[in-house]
Amino acid sequence: MSETLEQVAVAAADPVAQQHQALQVLTLAQRTAEEHVASARREVERIRADAQASAEQIIREAQANAQGLQQEAEKALSAAHASAAQIAREAQSRSDKAHREAETILSEARTKADDMAKHAQVSAEELRHQAEQKYQDVVGSLAAKREALQRQIEALESFDREYRTRLTSFMQNQLRALWVDEPQVNAEAIEEPAPAEPEADPTPTSPVPSQRATTAA
């Protein structure tokens, strides 16, 4: 039984097997108690049967003897009854002691089973809380990353609109300058940022990688 209780204690870290182990402990304790009580009862019955048989034998021998032995037979019978009563009392005491021990073992087993069940419940609650906390952390992190990406996308869209507006204005100014006799650069075109080579591809190349690098970081 002690080995079984030690195995149950070792298995306390497994919340799934703890209730099953607790039921095994209770069943083993109940079976042990029943075996102790049954053994004590069998011992009482055997002792009583032996005492009764001895008393009856003495009675038969006393009756077979002469009248003069009747007093001695009665004394022997009285002694036999006293001995049987003493044996019965001792057997009852042993039975009561075994019953108390069985009750103690059963109580301890129930207490340990309750402790293990409580520990399993606490462990399950802790695991559930940790899982919920981890889920909240992951969701919060994803939300923050999403907001950052959204801000970067909005910044890129704003940059693209501004760049296209400036590029359109610059090209219009250049076209107007081609239609006059003496082309002159407009003051607005000088103030606005323009590419180094007007004939180059108007598609924005250099600012976008920097924004992509920011996004990747």
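Residues numbered from 1 in each chain as written. Predicted model: local features only at pLDDT ≥ 70, side-chain atom pairs only at ≥ 80, totals over all residues. Heavy atoms only, no water.

A. The overall build of the protein chain, seen in detail. Of the regular secondary structure elements, the protein chain holds five helices and zero strands. Counted over contacts in the protein chain with a minimum sequence separation of 6, partners at least 24 positions apart contribute 68%. Only carbon and sulfur atoms are counted for the fraction: they give 53% of the accessible area of the protein chain, which is about 16,600 Å². (Helix = DSSP H or I, 4+ residues; strand = E, 2+ residues; numbered from the N terminus. Contact = heavy atoms within 4.5 Å. Areas by Shrake-Rupley, 256 points an atom, 1.4 Å probe, with all protein chains shown as cover.)

B. Up close: the environment of His81. Within the element layout of this structure, His81 appears in helix α3 (residues 70-178). Judged by its relative accessible area of 46%, His81 is partly exposed. Separated by 29 residues in the primary sequence, His81 and Gln52 place their C-alpha atoms 8.3 Å from one another. (Buried < 20%, exposed > 50% of the residue type's maximum accessible area, 1.4 Å probe, protein only.)

C. Inspection of the pattern of salt bridges at higher detail. Applying the stated rule across the entire model yields six salt bridges. The closest approach of N and O atoms between Glu43 and Arg46, which form a salt bridge, is 2.7 Å. Of the two residues, Glu43 and Arg46 are both situated in helix α2 (residues 15-64); the distance of three residues between them amounts to about one turn of the helix. With relative accessibility at 29%, the residue Glu43 sits in the partly exposed group. Of the charged contacts in the structure, one is a salt bridge between Glu162 and Arg166, with a shortest N-O distance of 2.9 Å. (Salt bridge = Lys/Arg side-chain N within 4 Å of Asp/Glu carboxyl O.)

D. The packing of aromatic side chains, seen in detail. Counting across every chain of the model gives one aromatic pair. Considering the side-chain rings of Phe159 and Tyr163, the 6.0 Å spacing of their centres and the 25° angle between planes classify their relative orientation as stacked. On the criterion of helical spacing, the pair formed by Phe159 and Tyr163 is a turn pair, its members being four residues apart in helix α3. Judged by its relative accessible area of 27%, Phe159 is partly exposed. (Phe/Tyr/Trp six-rings, centres within 6.5 Å; stacked < 30°, edge-to-face > 60°.)

E. Up close: a nonpolar patch on the surface. A cluster of nonpolar side chains, contributed by Leu175, Leu178 and Trp179, occupies part of the molecular surface with about 450 Å² of accessible area. Mapped onto the elements, Leu175 comes out in helix α3. (Patch = residues over 30% accessible without salt bridge, like charges linked within 9 Å, V, L, I, M, F, W, Y side chains within 5 Å.)

F. View of the confidence of the model for the protein chain. Model confidence for the protein chain is summarised by a mean pLDDT of 76, while 74% of its residues fall at 70 or above. In the model of the protein chain, helix α5 (residues 207-216) stands out as the element of lowest mean pLDDT, 39, in contrast to α3, which has the highest, 88. Confidence over residues 187-217 falls short of pLDDT 50; this stretch has 17 contacts with residues more than four positions distant or in other chains. (pLDDT = per-residue confidence, 0-100.)

G. Representation of the environment of Arg100. Inspection of the secondary structure assignment puts Arg100 in helix α3. Linking Arg100 and Val37, residues 63 residues apart in sequence, is a C-alpha distance of 9.9 Å.

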